[in-house]
Structure formats: C-alpha cells, structure tokens
Amino acid sequence: MNEVLMTPKRTLGSTGIDVSCLGLGTVKLGRNQGVKYPSSFELPDDRHILNLLATATELGINLIDTAPAYGVSEQRLGELLRDRQRWVICTKTGEEFVDGQSRFDFSATHTRASIHRSLKRLNTDYLDLVLVHSDGRDREIIEHSDCFETLARLKEAGNIRAFGLSGKTVEGGLLALQHSDVVMVTFNPDQQEERQVIQQACKLNKGVLIKKAFASGHAVVDSSADPVRSNLQFSLQEPGVSAVVVGTINSHHLRDNVRACLD
C-alpha cells in the first residue's frame, strides 16, 4: 500500500490565507552563484521542475517562496506553475542579484517597479505575499524608506494580499509586526535569537514564516543524528509559527521533509 502524505495547513496570522506548514523555497530553481549551501549544484531543467512541483502538489504543499534575487526563479515559476489558484506565492522586493552581486533598493519607485515586474514574471494578476528582502538595516528600511508605505498602497490596490519583512534583527522584526502582516525569521536549534519576534507575532496574530531551519543546509551536513526531523519539529512546535520554508530541488528530500513534519 502506498504511503499517503498530506501537509497540514495553518492560517497565516490574520491574513485569511491558509498555507501548508511546509513551504517550498526556490532559490535553487534560478540561482547557483553566491549562495551559502555546503555543496554546489546545477540548475534543474524544466522537466525536473515540473516533477518537483507535481510532487509538492501531491503532498499538499501550497506555499511557494521566490524572489527577484533568486536569479531566474520567478520567470521559471511563471512559465511552469499550473493552477495558479491553488498556490500561495510569496515573493520579495528590495534585493537584486546582478553580475554576481547583491544590490539593494528600498525606494518607492523601485518597490512599485519590482512588484509589477514580479506580477509579469510570475504570470499572475496578484501576489499573495511580498516580503521586504532586508540587507540587515531592518529598522532603517522601515522607518526611513518608503518601502512599507508603498507595499501598503499596493495592498489597497489589490496587487498584493499581504506584506511583511524578511529581516535579520530582533529589533526589525518587532517593528515590522507593528506595520505589516507577516515576518520571516531565522529560527533553528542553533539560532534562537528571534524567538522574541515569534512570541510577539503570536500575541498580535501576525503570520510567521521560518527561514534557514537547516542553517542553509549546513545542519544536515554537520549532524550525525536526524536534523531534518528535529529541526522541522523544533520550528513547527513553536507557538505562532505558520510555516517553515525549505529550499530543495530533490523530490525525495521534499517527501522526507513532509514526513518529518507529520512525525
């Protein structure tokens, strides 16, 4: 008898958006330069990506995470995603990856242009979630740029359903909770500094996405135990966490990740 795996869903804070508790990160669909993974990899071909997306669908995964800084990830998803309505698409703004270097722009002009470009690349007329791709100056971005205000206006216009911050500091995460719908934070057994942000988000009923649950893959390589199960369970059992985003281009790994979430 074939094993049936189905990823549970959780509501993303007060957005009204239900997301699979495991999200599919797509850096590896579009970029293999300047990444922090422990080993190199080749970008998958279209057939490989279609198989990966079919596996995600079979497993009940509906959250997919991309960004302009992920090379050609947005374009490839726009060409290959089927049944737009079943997917919750999260993309970002603020960071560009050009000629092997990251560049940042949080101005209103760039933010608007970035969102409209993402809509075109992803072949959709709305984005479920947009996160500001911070360069580490979280507080300055929120308080001294027009990025959040511009995203709020785009939300009012119906271009996006929710927005927030993919930040790097506790201070920035807490501030973002006052002005947006969702935060994406780093959280794993070795990096727990942002637990305070998760706890505050839980109190305010704001959405929480977890990044770097496996420390960009290093936790898997450096451990002799079962880091996949332990790290995913560590994050998912934290009150207030909506979903953990894990990047992979391996369908078997994706299935193992879902199994670990269900244990």
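Quick note: structure is the one above.
What you are looking at is a predicted structure, and each value in this text was computed from that prediction instead of being measured.

Right, let's get into the overall build of the protein chain. A count of helical and extended segments in the protein chain gives 11 helices and 12 strands. What you see for the protein chain is a C-alpha radius of gyration of 17 Å, in line with the 18 Å of a compact globule of 263 residues. The principal-axis extent of the C-alpha atoms belonging to the protein chain is close to 55 × 40 × 35 Å. Counting all 263 residues of the protein chain, 54% fall into the buried class. For the protein chain, restricting intrachain contacts to residue pairs at least 6 apart in sequence, the fraction spanning at least 24 positions comes to 73%. With an accessible surface of roughly 11900 Å², the protein chain has 46% of that area assigned to carbon and sulfur atoms. The average position of the 30 basic charges and that of the 33 acidic charges among the side chains of the protein chain differ by 2 Å.

For the structure on display, the rule yields 3 aromatic pairs. One residue, R84, lies across the ring of Y126, its end atom 4.1 Å from the ring centre. Above the face of the W87 ring, R86 is positioned so that its terminal group lies 4.5 Å from the ring centre.

This part takes up the environment of D181. Tracing the sequence through the fold places D181 in the loop between helix 7 (170-179) and strand 10 (182-186). Looking at D181, the relative accessible area reads 14%, which means it is buried. The contacts of D181, once residues within four sequence positions are left out, are T15, K155, A162, F163, K206 and G207.

Even without being a glycine, D99 presents a positive backbone phi close to 55°. Residue D99 is classed as exposed on the basis of its relative accessible area, which comes to 72%.

Let us look at the pattern of salt bridges. A side chain with one charge can pair with a side chain of the opposite charge if their charged atoms come near. Scanning all chains against the criterion turns up 15 salt bridges. Between R139 and E143 there is a salt bridge, with its nearest N and O atoms 3.1 Å apart. Taken together, the positions of R139 and E143, both in helix 5 (residues 138-144) and 4 residues apart, correspond to about one turn of that helix. Residue class for R139 comes out partly exposed when judged on its relative accessible area of 35%. Each of R84, D128 and R161 takes part in one network of salt bridges that share partners.

Locating N257 in the fold gives a position in helix 11 (residues 251-262). Judged by its relative accessible area of 5%, N257 is buried. When residues no more than four places from it in sequence are discounted, the contact partners of N257 are L22, F214, V228, L232 and V246.

Right, let's talk about the sheet that holds strand 5 (residues 88-93) for a bit. One closed barrel holds the 8 strands; their spatial order is 3-4-5-8-9-10-11-12, and the pairing between them is parallel. Each strand of the sheet is rotated relative to its neighbour by a mean of 30°, with strand direction disregarded. Pairing of strand 4 (residues 63-65) with strand 5 involves 3 bridges; the strand directions are parallel. In the strand pairing of strand 5, I64 is matched with I89. Strands strand 3 (22-25), strand 11 (207-211) and strand 12 (243-247) of the sheet are contacted by helix 10 (residues 227-236), whose axis makes an angle of about 145° with strand 12.

Among the secondary structure elements, L12 is positioned in the loop between strand 1 (9-11) and strand 2 (18-20). On a C-alpha basis, the gap between L12 and S242 in space is 5.6 Å, while along the polypeptide they are 230 residues apart. Setting aside chain neighbours within four positions, we find L12 in contact with I17, V19, L129, V182, G207, V208, L209 and S242.

Remark: helix 2 (residues 46-58) packs on helix 3 (residues 73-80), axes separated minimally by 11 Å, with the N-to-C direction vectors making an angle of 70°. As summarised for this structure, helix 2 and helix 3 are arranged roughly perpendicular, according to the angle between their axes. Residues D46, I49, L50 and L53 of helix 2 pack against R76, L77 and L80 of helix 3.

About the thresholds
- Residues take numbers from 1 onward in each chain, read along the sequence in its written order.
- Under the rules for a predicted model, residues below a pLDDT of 70 receive no local features and side-chain atom pairs below 80 are neither given nor counted, while totals for whole chains, interfaces and linings still include all residues.
- To obtain the side-chain values, all non-hydrogen atoms of the structure were used and water was disregarded.
- Secondary structure elements are defined from DSSP: runs of H or I of at least 4 residues count as helices, runs of E of at least 2 residues count as strands, and each element is numbered from the N terminus.
- We compute the radius of gyration over the C-alpha atoms and compare it with the globule rule, which gives 2.2 Å times the number of residues raised to the power 0.38.
- For every residue, the accessible area obtained with a 1.4 Å probe (protein chains only) is divided by the maximum for its type, and the residue is called buried under 20%, exposed over 50%, and partly exposed between those limits.
- Any two residues having at least one pair of non-hydrogen atoms within 4.5 Å are treated as being in contact.
- With residues, only the protein chains shown are counted as cover, and all accessible areas are computed by Shrake-Rupley using a 1.4 Å probe.
- The charge count includes Lys and Arg as positive and Asp and Glu as negative, but it does not include His or the ends of the chains.
- Every charge is mapped onto a representative atom, which is NZ of Lys, CZ of Arg, CG of Asp or CD of Glu.
- Under the pairing criterion, centres of Phe, Tyr and Trp rings, with the six-membered ring standing for Trp, must be within 6.5 Å; the plane angle then separates stacked pairs below 30 degrees from edge-to-face pairs above 60, leaving the rest tilted.
- By definition, being over a ring means that NZ of Lys or CZ of Arg is both within 6 Å of the ring centre and within 35 degrees of the ring normal.
- Any Lys or Arg side-chain nitrogen found within 4 Å of a carboxyl oxygen on Asp or Glu counts as a salt bridge.
- A pair of strands is treated as paired once DSSP finds two or more bridges between them.
- Every angle, taken between N-to-C directions, lies between 0 and 180 degrees, and every axis is a line fitted to C-alpha atoms, over only the stretch in contact when it is a helix.
- Throughout, the term roughly parallel applies to angles under 35 degrees, roughly antiparallel to angles over 145, roughly perpendicular to angles from 65 to 115, and oblique to all others.

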